[in-house]
Number of protein chains: 2
Amino acid sequence: MIRIALDAMGGDFAPAVPVEGAVRAIEESPATFEVHLVGRRDAVERELHKHRGSGERIQIVDATDVIGMSEKPLAAIRGKRKSSIRVGLELQKSGSADAFISAGNTGAVMAASTLLLGLHPGVARPAIGALFPTSSKPTLVLDAGANIDCSPRELRGFAHIGSVYARDVLGRPEPTVGLLNIGEEPEKGNESVRGAFDLLKSDAGLRFVGNVEGRDVLSGACDVVVCDGFVGNVMLKFYETVAHLFRELLEREVDPDVLASDGMGRVFRVLDYAEYGGAPLLGVRGVSVICHGSSPVRALKNAIGVAVRSVESQLSQHIAAELASDGAIA
Amino acid sequence: MIRIALDAMGGDFAPAVPVEGAVRAIEESPATFEVHLVGRRDAVERELHKHRGSGERIQIVDATDVIGMSEKPLAAIRGKRKSSIRVGLELQKSGSADAFISAGNTGAVMAASTLLLGLHPGVARPAIGALFPTSSKPTLVLDAGANIDCSPRELRGFAHIGSVYARDVLGRPEPTVGLLNIGEEPEKGNESVRGAFDLLKSDAGLRFVGNVEGRDVLSGACDVVVCDGFVGNVMLKFYETVAHLFRELLEREVDPDVLASDGMGRVFRVLDYAEYGGAPLLGVRGVSVICHGSSPVRALKNAIGVAVRSVESQLSQHIAAELASDGAIA
């Protein structure tokens, strides 16, 4: 039985939303996993009692501290040793859980994951993998915000890690990788990207399609888009507002019945990040999934699915093997 | 009478589209300007004859060379002295025209504009200003691709130049400026952005609203978004594919009548870059407007409007004055 530790105190609507996400995940999925809700026992119990028949495959792990969404990550992690983020990750460290999920303070989850789970050899800092919805299969973009400046070698590392994630969790047996740039030509871009182009091109362990541009992210030109965390974060947050703009325009210009139609519901469902669960923190030894603070129940439920697939597929072990192979670490 | 030099040989559908763009602009606008079509006289004349009554306020300036869309910019500009790009900009240099517009090789237009028009004092390289459609007024993002790495001082220069453009051409009397970053806090971002934050914050000549994130570009959080040309270019090209994704999803999920409705037409019109004409090349002494290679007639027509407004409002003179004022050049 796979054991998922879920931060019950993380996110704008905690503990209600994480608890309900866990209940729904268990209702709707086969009995391959259980959820450990990590947080203040009384608050979590109170939420849990609102849901019928929810005792099965759910247990509570008490954590008396809570890290606020705007606390300084490192100070919070060091100071609050009984925080739900720390306690939840310690479960994985000690072998009592297989994965951790949080919609709480992203910086704190990243720092604590790095500190407690450790990193695979060859990884300097973990990367955030974000799924960008397209009209067919989503595109994995990494890094989406953990690493501001990236060396060519780090970018190559993202290419390998992203390829493993695409194979294991997204079901792409032969994932292709593109390097985000401002033109197709190898001489385009800043020093780091130009250096990464050369490394990626000569790496026999990757299916590198060359430079891709902003316009290629949604076209399905490749499975994995590699970039530094600055541009990845800007693009991700930009994209997350596009559905909202589209809805505003439709509200103004088309019939309300059209907007309320099933078809339009399906359109917005494709564009809804909640469909894709959370963003994996890649490069750590283990499984750590970050969700938006504003995640609804469906996002938490789907993040549990992402975490279960990551454990089942042995994602972390495969990333370690990939990085240890010849091509990955120079 | 304002004189607009238009590259009749630039773009994927030249000379047909530039010529028709000029004809439509003149038909639909007051008689404040004339258009000089720069290109191979016979080819341009042939196109022009397809349009009735088009002789008025249009003249042809012969240029026997054409720079291809994929030629190396500097070599092409130096080698092809009779190219439409070079001849068109020389008209402005010699005082025979007030503005230049091209849907041709962007790099060549940038290089030739810099070389022939020169730059305002304090400008190291020109910046491309791109308008991002929102549900209300568009947001100006610069740089959108001319400058890959930017120093804090260059970013501050973009803030000043963008503010002038917003006032003069977009009609925003008190434009606000945001610095694109991955978080609101001053300590976020790379070294260049952190340095720019300090410069912008202490600059009394700007209405600086602080760091903005990817999610703020479409929300109308500010009139001008300042960023380096790498992230600006990625975000612009990404955005340009979003309308296409919407259309694909709608085609799959909703009734064809809905997609063909007037309301939906208005939605896509908001998102269509052709509405906004072209992207001004800012920092040059004069007016130079760059259009997409794939621009339709409407984009060229609207680019002429942008160029006319730029000349009428004395944009270039105002940028020079802004940069010469205390705040702008340290």
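In case you missed it, the structure is sitting above this.
Residues numbered from 1 in each chain as written. Chains lettered and ligands numbered in written order. Predicted model: local features only at pLDDT ≥ 70, side-chain atom pairs only at ≥ 80, totals over all residues. Heavy atoms only, no water.

### As for the sheet that holds strand β6 (residues 130-132) of chain B
Residues and elements named next belong to chain B. Operational definition: Whether two strands pair depends on DSSP finding at least two bridges between them. Runs of E in the DSSP output that reach at least two residues are strands. Runs of H or I that reach at least four are helices, and both are numbered from the N terminus. Angular values range over 0 to 180 degrees, each being the angle between N-to-C directions of two axes fitted as lines to C-alpha atoms, with helices fitted over their stretch in contact.
Strand order in the open sheet made by the five strands is β6-β7-β10-β8-β9, with mixed pairing throughout. Of all strands in the sheet, those with a lone pairing partner are β6 and β9 (208-212), marking the two edges. Neighbour-to-neighbour, the strand axes of this sheet turn through a mean angle of 30°, independent of strand direction. By the bridge criterion, three bridges tie strand β8 (residues 177-180) to strand β10 (residues 224-226) in an arrangement that is parallel. Bridge pairing in β10 links leucine 179 to valine 226.

### Thoughts on the packing of aromatic side chains
Aromatic rings in a pair are described by how distant their centres are and how their planes are angled relative to each other. Going by this rule: A pair of aromatic rings is counted whenever rings of Phe, Tyr or Trp (Trp by its six-membered ring) have centres within 6.5 Å, and the orientation is called stacked for planes under 30 degrees apart, edge-to-face for over 60 and tilted otherwise. To sort residues, take the accessible area from a 1.4 Å probe on protein chains only and compare it with the maximum for the residue type: under 20% means buried, over 50% means exposed, and anything in between is partly exposed.
On inspection of all chains with the given rule, the structure shows 12 aromatic pairs over all chains. Here the aromatic rings of Phe197(A) and Phe208(A) are separated by 5.6 Å at their centres, their planes lie at 70°, and the arrangement is edge-to-face. Of the two residues, Phe197(A) sits in helix α7 (residues 191-201) while Phe208(A) sits in strand β9 (residues 208-212), which places them 11 residues apart along the sequence. By relative accessible area, Phe197(A) is classed as buried at 7%. In this structure Phe208(A) comes out as buried when scored by relative accessible area, which is 18%. Here the aromatic rings of Phe132(B) and Tyr239(B) are separated by 5.5 Å at their centres, their planes lie at 20°, and the arrangement is stacked.

### Regarding the interface of chain B and chain A
Heads up, the rule is: By definition, residues are in contact when any of their heavy atoms lie within 4.5 Å. The term buried area denotes the loss of accessible surface (1.4 Å probe radius) that occurs when two parts are joined, taken as the sum for both partners. By convention in these notes, a salt bridge is any Lys or Arg side-chain nitrogen within 4 Å of a carboxyl oxygen on Asp or Glu. What qualifies as a polar contact is a pair of N or O atoms within 3.5 Å, subject to a donor-acceptor requirement within protein and to the restriction that residues adjacent in sequence count only when both atoms come from side chains. Each residue gets one of three labels, nonpolar for Ala, Val, Leu, Ile, Met, Phe, Trp, Tyr, Cys and Pro, charged for Asp, Glu, Lys and Arg, and polar for the others, Gly among them.
On the chain A side, the residues contacting the 46 residues of chain B number 46 residues. In total, chain B and chain A occlude about 4,200 Å² of area from one another, counting both sides; carbon and sulfur atoms represent 73% of this. It is Ile182(B), Phe230(B) and Phe238(B) that lose the most area in chain B upon contact with chain A, and together they represent 17% of the buried surface on that side. Between Lys72(B) and Glu187(A) there is a salt bridge, and its shortest N-O distance comes to 3.0 Å. Remark: the boundary between chain B and chain A carries 12 residue pairs in polar contact (both at pLDDT 80 or more). Only α8 (229-240), α9 (242-253) and α11 (262-270) of chain B provide two or more residues apiece to the side of chain B that touches chain A. The element contributing the most residues to the side of chain B that touches chain A is α8(B), with nine residues. Looking at side-chain class alone, the side of chain B that touches chain A contains 25 nonpolar, 11 polar and 10 charged residues.

### Remarks on α8(B)
Since the α-helix advances by 3.6 residues per turn, residues separated by three or four positions end up pointing in the same direction. All names here are of chain B. Selection criterion: Expected helix span is given by 1.5 Å per residue-to-residue step, counting one fewer step than there are residues.
Compared with an ideal rise of 1.5 Å per residue, which puts 12 residues at 16 Å, α8 spans 16 Å between its outermost C-alpha atoms and is within 8% of the ideal. Among the 12 residues that make up α8, 11 are buried, leaving the element largely enclosed by the rest of the structure. All of the buried residues in α8 are Gly229, Phe230, Val231, Gly232, Asn233, Val234, Met235, Leu236, Lys237, Phe238 and Tyr239. Backbone nitrogen of phenylalanine 230 and a side-chain oxygen of the N-cap are separated by 2.8 Å at the start of α8; the cap is aspartate 228.

### Remarks on the pattern of salt bridges
Summed over the entire model, instances satisfying the criterion amount to 42 salt bridges over all chains. Here Glu253(B) makes a salt bridge to Arg266(A), at a shortest N to O gap of 2.5 Å. Within this pair, whereas Glu253(B) is found in helix α9, its partner Arg266(A) is found in helix α11 (residues 262-270), the two belonging to separate chains. Using a relative accessible area of 18% as the deciding quantity, one classes Glu253(B) as buried. One network of salt bridges, with partners in common, ties together Arg269(A), Asp272(A), Glu275(A) and Arg298(A).

### Points about empty space enclosed by the protein
Residue and element names in this part refer to chain A. Note the threshold: Points on a 1 Å grid, built from protein atoms alone, make a cavity when a 1.4 Å probe fits but cannot get out and make a pocket when they are open with protein on both sides within 12 Å along at least 5 of 7 lines; residues with an atom within 4 Å of a point are the lining residues. Grid points are joined across faces, edges and corners, and a volume is the space filled by probe spheres set on the points.
In this structure the tally under the stated criterion is five cavities of 30 Å³ or more. When its volume is computed, the largest cavity comes out at roughly 70 Å³. Lining the largest cavity are 14 residues, with Leu281, Leu282, Gly286, Val287 and Leu315 positioned closest to its centre. Residue assignment for the lining of the largest cavity shows that the elements contributing at least two residues are β11 (279-282), β12 (288-290) and α13 (315-324). Here the lining of the largest cavity is composed, by residue class, of eight nonpolar, six polar and no charged. Each pocket or cavity is described by its volume, and for the second largest cavity that value is around 50 Å³.

### Things to note about the environment of Asn190(B)
Mapped onto the fold, Asn190(B) is located in the loop between β8 and α7 (191-201). For the pair formed by Asn190(B) and Gln92(B), sequence separation is 98 residues and the distance between their alpha carbons is 39 Å. Residues within four places of Asn190(B) in sequence aside, it is in contact with Ile148(A), Asp149(A) and Phe230(A).

### Some points on the relation of the copies chain B and chain A
Operational definition: To line up the copies, we fit them by least squares on C-alpha atoms, keeping just the residues with pLDDT of at least 70 in both.
Superposing chain B onto chain A takes a rotation of 180° plus a shift of 0.0 Å along the axis, which leaves an RMSD of 0.0 Å. What the superposition gives is, in effect, a two-fold axis relating one chain to the other. In this assembly, 100% of the residues forming the interface of chain B have copies in chain A that are likewise at the interface, indicating an isologous arrangement.

### A closer look at the sheet that holds strand β2 (residues 33-39) of chain B
All names here are of chain B. In spatial order, the strands read β3-β2-β1-β4-β12-β11-β5; together these seven strands make up an open sheet with mixed pairing. Edge positions in the sheet fall to β3 (58-62) and β5 (127-128), since each of these pairs with one other strand and no more. Summarising the sheet, β2 and β3 pair through five bridges and their orientation is parallel. Note that in β3 the partner of valine 35 across the bridge is isoleucine 58. Sheet contacts for helix α4 (residues 84-93): β1 (2-7), β2, β3, β4 (99-102) and β12 (288-290); angle to β4, the most-contacted strand, approximately 165°.

### Re the packing of helix α6 (residues 152-168) of chain A against α13(A)
All names here are of chain A. Worth spelling out the cut-off: Take the far helix as the reference: if the near one is turned anticlockwise from it by less than a right angle, the crossing is left-handed, and if turned clockwise, right-handed.
Between α6 and α13, whose axes approach to 9 Å, the crossing angle comes to 140°. The handedness of the crossing between α6 and α13 comes out as right-handed. Taking contact as the criterion, the partners of His160, Ile161, Val164, Tyr165, Arg167 and Asp168 in α6 are, on α13, Leu315, His318, Ile319, Glu322 and Leu323. Taken together, the residues of the contact of α6 with α13 break down into six nonpolar, two polar and three charged.

### Re the environment of Leu180(A)
Of note, Leu180(A) is situated in strand β8 (residues 177-180). According to the relative accessible area criterion, Leu180(A) is buried, its value standing at 1%. Linking Leu180(A) and Glu47(A), residues 133 residues apart in sequence, is a C-alpha distance of 44 Å. Here Leu180(A) is in contact with Val193(A), Val212(A), Glu213(A), Gly214(A), Val217(A), Val225(A), Val226(A), Cys227(A), Val231(A), Met235(A), Phe230(B) and Val234(B), once residues within four sequence places are set aside.

### Some points on the side chain of Asp216(B)
Residues and elements named next belong to chain B. The criterion, for reference: Note on charges: Lys and Arg go in the positive column, Asp and Glu in the negative column, and His and the chain ends are not counted at all.
With respect to the helices, strands and loops of the structure, aspartate 216 is situated in the loop between β9 and β10. Despite its burial, aspartate 216 remains without a salt bridge, the nearest opposite charge being carried by arginine 215 at 5.8 Å. For aspartate 216, the side chain forms a polar contact with the main-chain nitrogen of glutamate 213, separated by 2.7 Å.

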